[in-house]
Structures are given as C-alpha cells and as structure tokens.
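Coordinates in review
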Amino acid sequence: MAAEPAQSLSLAPPPLLGFVQAARGSNSTCLTHFVSTSSFRPPRAELSGWIAIHSCHGRVLCSPPPLDVKPPEKRLLVWNVVTGEQRELPRLSWCPYPGASWNAAVLCAYSVGAGCSNLDCHRGPFVVVFVGTLRDKTVVGVYSSVTDAWGEPTFTQDRYKQFCLLTGSLVGNALYFNKMMGTKLLKYDLTTREISAINLPAQAPKWQIVLMAMEDGRLGFATMQESKLCLWSREDGQDGDARWEQSRIIELDALLPVQALSTEPRIVGCADGVEDILLGTRAGNFSVDLKSRRAKEIGLRGPGFGIFVVPVTSFCTPALETANSGEGSGAGASSA
C-alpha cells in the first residue's frame with residue numbers, strides 16, 4: 001500500500017528527545033549511546049564503531065572514530081533513532097587528501113528554505129552535506145537519499161584556508177560551519193551552491209563557539225565567559241548590512257552547583273531552534289533551558305568534558321509514533 005501523504009503543519013521547532021554520546025565499550029570499542037531526556041525510548045540505543053557528528057529531526061550522522069580512518073576512505077552512516085534504521089552512505093571518491101579538515105551534516109529534505117513542518121519527516125528523504133578544506137581548496141558534496149548517491153562535488157579556489165571545521169548549523173537555505181581558533185564562519189548556500197565567509201564579532205573568543213539557529217530563525221552562537229553563558233545573534237541593520245549583537249547573558253551561578261563552576265563550563269552542544277544548551281562541567285553534564293532558565297543534570301557517560309555529544313530532536317514524539325505504527329508497512333516504519 002502506498003504511503004499516505006505526509007502531514008504538514010505550521011509547527012514550532014521539534015522537541016528535544018535526548019543526546020547521543022561517544023563512549024568506550026568493555027572491549028575498548030567506540031560506542032555511540034543514546035541518552036533520553038524525554039519519555040521517548042529508541043528501538044536501538046547503541047551503535048558500535050561509530051561516533052555521532054550531527055543530527056537533524058531524528059536522524060544522526062555518524063563517522064568512524066577520528067583515528068580509525070583517513071579522509072580518502074571516509075565512511076558515513078545515517079542512524080534513524082526513531083525507527084532504528086541505519087544506512088551507510090557510498091564512499092567519498094572525491095574526498096580531499098589526508099590532512100584535510102572536514103565536517104558533514106545531515107538535513108531533513110524538508111528543512112531547506114521555509115523550514116520543516118512535516119510531522120512524519122523522519123520517514124521522508126534526507127540529504128547529507130560534506131565540506132572539506134585543504135590548503136587553497138574547498139570542496140562540497142551533497143548526498144541524496146532519493147538517489148542513494150553523491151552529486152557532483154563543487155570545488156572552489158578560495159581564501160578559506162585550513163578551516164578546522166566544527167559544528168554545522170542550518171539557517172534558512174544556508175549551512176554554516178565554524179572554524180577552530182578562527183574569526184570567520186564558512187557558509188554554504190544549498191540553493192546556489194556558493195561558498196562564502198562571515199566574520200565573527202571581534203569581542204567573541206576564538207574558541208568554544210557553538211553555532212545555533214535561534215528560535216526566531218536567525219543565525220546565532222553561544223559561548224562562555226567564566227560563569228556566564230553568552231548568546232549572540234546576527235541582526236539585519238537599517239542599512240541592509242547584517243551585524244552581530246549580544247542578545248542574552250545568563251548567569252550560571254544560580255543554576256549550577258558550586259562544584260560545577262570550579263572551572264569554566266564547556267558548551268558541549270545545542271539543538272537548532274531549541275532553547276536548550278548542554279554544558280559539560282567537572283560536576284557532570286547539565287542541560288540549560290534558556291526559556292525557563294533552569295538546569296538539570298543529564299546522565300551521560302564519563303566526565304563532563306566529553307566530546308562527540310549531539311542533541312537529537314524530532315517532530316515524532318512517542319505518542320505520535322505509537323499512533324502511526326499500525327498505518328501500513330512503509331520502509332523504516334517501526335513503533336517507538
């Protein structure tokens with residue numbers, strides 16, 4: 001039976017289901033483990049031999065651990081946390097040479113442009129965007145789940161040299177990556193396939209900047225200054241030029257235990273459009289709700305300064321998935 005048309009509504013950003021974190025298993029293999037912060041429980045809670053690098057609407061993009069493979073042999077896998085489905089992507093034959101800096105992001109195909117408003121998007125098509133830099137070249141490739149293939153890559157001779165690409169964030173039609181110890185962001189326009197750079201504000205630190213799509217759809221980032229969580233957003237000026245403004249400062253002294261602030265907390269991750277930021281501290285990991293200004297401890301494995309922690313959001317709540325579980329036998333369908 002053909003699948004019913006996906007339900008499309010005007011929706012708020014998808015809710016946070018939990019986080020995925022890299023941890024070491026009993027035999028020293030790398031495990032990617034899902035930690036729920038909601039009533040949702042996935043069909044499968046762990047993957048062996050992979051780390052999470054990005055997520056979008058219930059799908060998590062994974063890569064082998066950094067020391068396991070070099071970029072030319074780079075493998076990527078998309079794990080659908082809601083249904084349990086996994087898909088390993090075709091190899092990147094045009095990937096940059098060893099030593100290249102790279103990152104990638106998985107996107108719901110409905111997310112580009114006006115934004116996803118599809119309750120069932122975790123069953124729909126998706127794309128993966130790969131960005132790599134080496135010396136004076138930048139390469140971008142886009143994978144489509146519809147064709148199960150990478151499109152022709154875009155190579156540019158540009159000045160965005162040696163971007164050590166960190167977190168990716170989708171805002172409108174553009175995907176943004178920040179650079180370690182840098183003063184610029186890399187922007188890839190998904191419609192025009194053009195690559196450009198955006199200056200960060202001079203006051204921003206050159207490290208621990210985490211990009212995010214703000215709740216109102218603007219580009220923003222979060223950073224730490226001692227015990228203060230600082231939020232910046234990119235505003236349109238009256239002259240048509242965009243500029244950065246510090247939109248909020250949240251004092252963490254009243255939110256976190258004293259031992260958590262013995263050293264400066266580390267921003268581990270945040271979800272686009274969701275007012276929730278994960279902080280790593282010596283006392284553990286804490287999720288800070290920016291609306292209510294409340295914090296709660298998250299039971300991640302290992303110390304609070306761990307890396308490879310990725311938030312997972314989805315329009316598919318446990319109630320919705322249970323209601324849909326008996327409607328046909330489409331690919332990837334399962335009950336949560």
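Calculation rules
- Residues numbered from 1 in each chain as written.
- Predicted model: local features only at pLDDT ≥ 70, side-chain atom pairs only at ≥ 80, totals over all residues.
- Heavy atoms only, no water.
- Helix = DSSP H or I, 4+ residues; strand = E, 2+ residues; numbered from the N terminus.
- Buried < 20%, exposed > 50% of the residue type's maximum accessible area, 1.4 Å probe, protein only.
- Polar contact = N/O pair within 3.5 Å; in protein donor to acceptor, adjacent residues only side chain to side chain.
- Pairing = 2+ DSSP bridges.
- Axes fitted to C-alpha atoms, helices over the stretch in contact; angles between N-to-C directions.
- Disulfide = S-S within 2.5 Å.
- Phe/Tyr/Trp six-rings, centres within 6.5 Å; stacked < 30°, edge-to-face > 60°.
- Salt bridge = Lys/Arg side-chain N within 4 Å of Asp/Glu carboxyl O.

By the naming in an unreviewed UniProt entry, the protein chain is F-box protein AT5G49610-like beta-propeller domain-containing protein, taken from Urochloa decumbens.

**As for the environment of arginine 41**
Of note, arginine 41 is situated in the loop between β2 (30-36) and β3 (46-48). Among the residues examined, arginine 41 registers a relative accessible area of 52% and is labelled exposed. In sequence terms arginine 41 and valine 82 are 41 residues apart; their C-alpha atoms lie 8.4 Å from each other. A distance of 2.8 Å separates the side chain of arginine 41 from the side chain of serine 36, its partner in a polar contact. Here the side chain of arginine 41 touches serine 38 through a polar contact of 2.8 Å, landing on its backbone oxygen.

**Considering the sheet that holds strand β21 (residues 266-270)**
One open sheet holds the 4 strands; their spatial order is β21-β22-β23-β24, and the pairing between them is antiparallel. Edge strands, defined here as strands with exactly one partner in the open sheet, are β21 and β24 (294-298). On average, adjacent strands in this sheet sit at an angle of 30 degrees to one another, irrespective of strand direction. Pairing of β21 with strand β22 (residues 276-281) involves 4 bridges; the strand directions are antiparallel. Note on β22: the bridge partner recorded for glycine 269 is leucine 278.

**Here we look at the state of the cysteines**
Under the defined criterion, the tally for this structure stands at 0 disulfides. Between cysteine 56, a cysteine without a disulfide, and cysteine 108, which holds the nearest cysteine sulfur, the sulfur-to-sulfur distance is 5.7 Å. The exposure class of cysteine 56 is buried, given its relative accessible area of 12%.

**Digging into the packing of aromatic side chains**
Using the criterion set out here, one finds 6 aromatic pairs in the structure. Centroid distance phenylalanine 34 to phenylalanine 40: 5.9 Å. Interplanar angle 90 degrees. Geometry classified as edge-to-face. Accessibility assignment for this pair places phenylalanine 34 and phenylalanine 40 in one class, buried. Through a chain of ring-to-ring contacts, three or more aromatic side chains come together here, namely Phe126, Tyr143 and Trp150.

**What to know about the environment of glycine 220**
Positionally, glycine 220 belongs in strand β18 (residues 219-225). Between the C-alpha atoms of glycine 220 and isoleucine 209, which are 11 residues apart in sequence, the distance is 10.0 Å.

**Overview of the pattern of salt bridges**
Taken as a whole and judged by the stated rule, the model has 3 salt bridges. With its nearest N and O atoms 2.3 Å apart, the salt bridge here joins arginine 218 to glutamate 235. With a gap of 17 residues between them, arginine 218 in the loop between β17 (210-213) and β18 and glutamate 235 in strand β19 (residues 228-236) connect regions that are remote in the sequence. Given the relative accessible area of 19%, glutamate 235 is considered buried. Two residues, glutamate 251 and lysine 228, come together in a salt bridge whose shortest N-O distance is 4.0 Å. Taken together, the residues span a long stretch of sequence, with glutamate 251 in strand β20 (residues 242-251) and lysine 228 in strand β19 at a distance of 23 residues. A relative accessible area of 40% places glutamate 251 in the partly exposed class. Classification of lysine 228 by relative accessible area gives partly exposed; the value is 27%.

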